[in-house]
Amino acid sequence: MTDELPELRASDADRERVAEQLRDALAEGRLDMEEFEERLEATYAARTYGELTPITRDLPGAVPSPRISMVKQPVDDGSWSSRIVGGEGTSAWGVAVLSGFERKGRWTVPKRFNSFTFMGGGEIDLREANFADREVVVNCVAVMGGLNVIVPPGVEVVVRGIGIMGGFDHREEGRPGDPGAPRVIVTGFAFWGGVGVERKLTRAERQRLKEERRQEKLERREARKELQGSRDGGLDDMFDALDEARDLIRERHDERRERHEERRDRHRERREDRRRRHDGDY
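For the nonpolar core, give the residues involved together with the corresponding values.
In this structure, I124, L126, C140, V149, V184 and V186 are the most contacted members of the largest nonpolar core, which totals 27 residues. Listed by contribution, the elements that provide at least two residues to this core are strand 7 (135-143), strand 8 (146-151), strand 9 (156-159), strand 12 (183-191) and strand 13 (194-199). No other element matches strand 7, which puts 4 residues into this core. Beyond its immediate sequence surroundings of up to four residues, C140 is in contact with S115, I124, L147, V149, F168, V186, T187, G188, F189 and V195.

This is the structure we're talking about:
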């Protein structure tokens with residue numbers, strides 16, 4: 001944020017943008033958990049832009065103060081309706097021949113995305129993507145190679161591919177989508193290869209949910225303290241112990257899942273690196 005209009009009142013959306021930047025910084029290792037919690041508390045306590053400014057001043061991608069306009073503009077609020085943007089898409093195809101490719105991050109999926117791998121691999125990550133239409137087709141052709149399609153929770157998935165000595169992953173089919181969410185049709189052909197489809201959250205979203213659970217735990221603890229005068233103290237301690245045990249089990253489960261995903265990503269990167277070295281790409 002800039003120092004313009006430091007006394008201008010900040011909105012909930014302004015505070016949430018700063019909080020999201022802090023979550024990204026935590027996920028990237030720029031902040032430790034203690035710094036993150038201190039800054040997050042200061043963010044939600046801030047009332048003006050002047051109070052929000054120093055919180056992210058030393059972080060990349062600081063959000064500038066918005067220009068004041070009397071005309072209401074559409075806001076990208078992260079809802080499904082805001083992510084279906086129309087247009088032609090920012091990338092229409094991906095090809096990997098004895099190599100690899102990936103589409104991930106902020107990009108716009110066209111109505112039809114074509115991908116091809118021959119003795120190579122590709123990753124098509126839709127978790128942070130916008131969509132050109134309510135229904136998009138991801139066409140995958142894998143010949144002695146593999147393709148992996150990653151979708152966010154809430155998206156309806158339909159798999160129509162054909163495999164010959166290969167296959168398509170159908171595990172994510174059959175789940176109804178959220179209201180207004182896009183529909184992703186995965187189609188194509190796999191010969192001595194495979195097309196995987198998986199549904200998972202981004203690292204930033206996992207961190208956000210973890211923070212929400214921590215806040216809920218604190219709120220439950222405060223509510224119990226208010227009733228402590230009419231409740232046995234030993235019973236209150238028992239509830240605290242149950243909360244901590246439940247949170248510990250959940251955190252360990254999340255950590256195992258993250259380690260598994262990291263190992264899988266490292267294995268994929270090493271495999272692509274070996275292919276590039278074998279092919280003399282560098």
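How would you summarise the pattern of salt bridges if you had to cite specific residues and measurements?
The tally for this structure, following the rule as stated, stands at 7 salt bridges. Residues R39 and D58 are paired through a salt bridge, measuring 2.9 Å at the closest nitrogen-oxygen approach. Highlighted residues: R39 in helix 2 (residues 33-45) and D58 in the loop between helix 3 (49-52) and helix 4 (80-83), separated in sequence by 19 residues. Classification of D58 by relative accessible area gives exposed; the value is 53%. Shared partners join several salt bridges into a network, and the residues in it are E135, E156 and R183.

If you had to explain the packing of helix 1 (residues 12-27) against helix 2 to someone new, which residues and values would you point to?
The interhelical angle for the contact between helix 1 and helix 2, taken along N-to-C directions, is 175°, at an axis separation of 10 Å. Taken together, the axes of helix 1 and helix 2 lie roughly antiparallel to each other. Of helix 2, the residues touching helix 1 (which contributes R15, E16, V18, A19, L22, R23 and L26) are M33, F36, R39, L40, T43 and Y44. Considered class by class, the residues forming the contact of helix 1 with helix 2 number 8 nonpolar, 1 polar and 4 charged.

Describe the side chain of N130, listing the residues and the values that go with them.
Its location among the elements puts N130 in strand 6 (residues 130-131). Non-local contacts of N130, meaning those with residues more than four positions away in its chain, are made with R83, V85, R106, W107, T108 and V109.

I'd like to hear about the packing of aromatic side chains, residue by residue, with values.
Summed over the entire model, instances satisfying the criterion amount to 2 aromatic pairs. Between W107 and F113, the ring centres sit 5.5 Å apart and the planes meet at 70°, which makes this aromatic pair edge-to-face. Using a relative accessible area of 7% as the deciding quantity, one classes W107 as buried. Take F113: its relative accessible area is 0%, and that puts it in the buried class. For the ring pair F191 and W192, a centre distance of 5.7 Å and an interplane angle of 0° mean the geometry is stacked.

Please give an account of the sheet that holds strand 8 that cites residues and values.
Pairing is parallel in the open sheet, where 5 strands are placed in the order 2-5-8-13-11. Only two strands of the sheet have a single partner each, and these edge strands are strand 2 (100-103) and strand 11 (167-168). Taken together, the 6 bridges between strand 8 and strand 13 define a ladder with parallel strand orientation. Residue pairing for strand 13: L147 is matched across the bridge by V195.

Rules of the game
Residues numbered from 1 in each chain as written. Predicted model: local features only at pLDDT ≥ 70, side-chain atom pairs only at ≥ 80, totals over all residues. Heavy atoms only, no water. Core = buried A, V, L, I, M, F, W, Y, C linked by side-chain atoms within 4.5 Å. Buried < 20%, exposed > 50% of the residue type's maximum accessible area, 1.4 Å probe, protein only. Helix = DSSP H or I, 4+ residues; strand = E, 2+ residues; numbered from the N terminus. Contact = heavy atoms within 4.5 Å. Salt bridge = Lys/Arg side-chain N within 4 Å of Asp/Glu carboxyl O. Axes fitted to C-alpha atoms, helices over the stretch in contact; angles between N-to-C directions. Parallel < 35°, antiparallel > 145°, perpendicular 65-115°, else oblique. Nonpolar A, V, L, I, M, F, W, Y, C, P; charged D, E, K, R; others polar. Phe/Tyr/Trp six-rings, centres within 6.5 Å; stacked < 30°, edge-to-face > 60°. Pairing = 2+ DSSP bridges.

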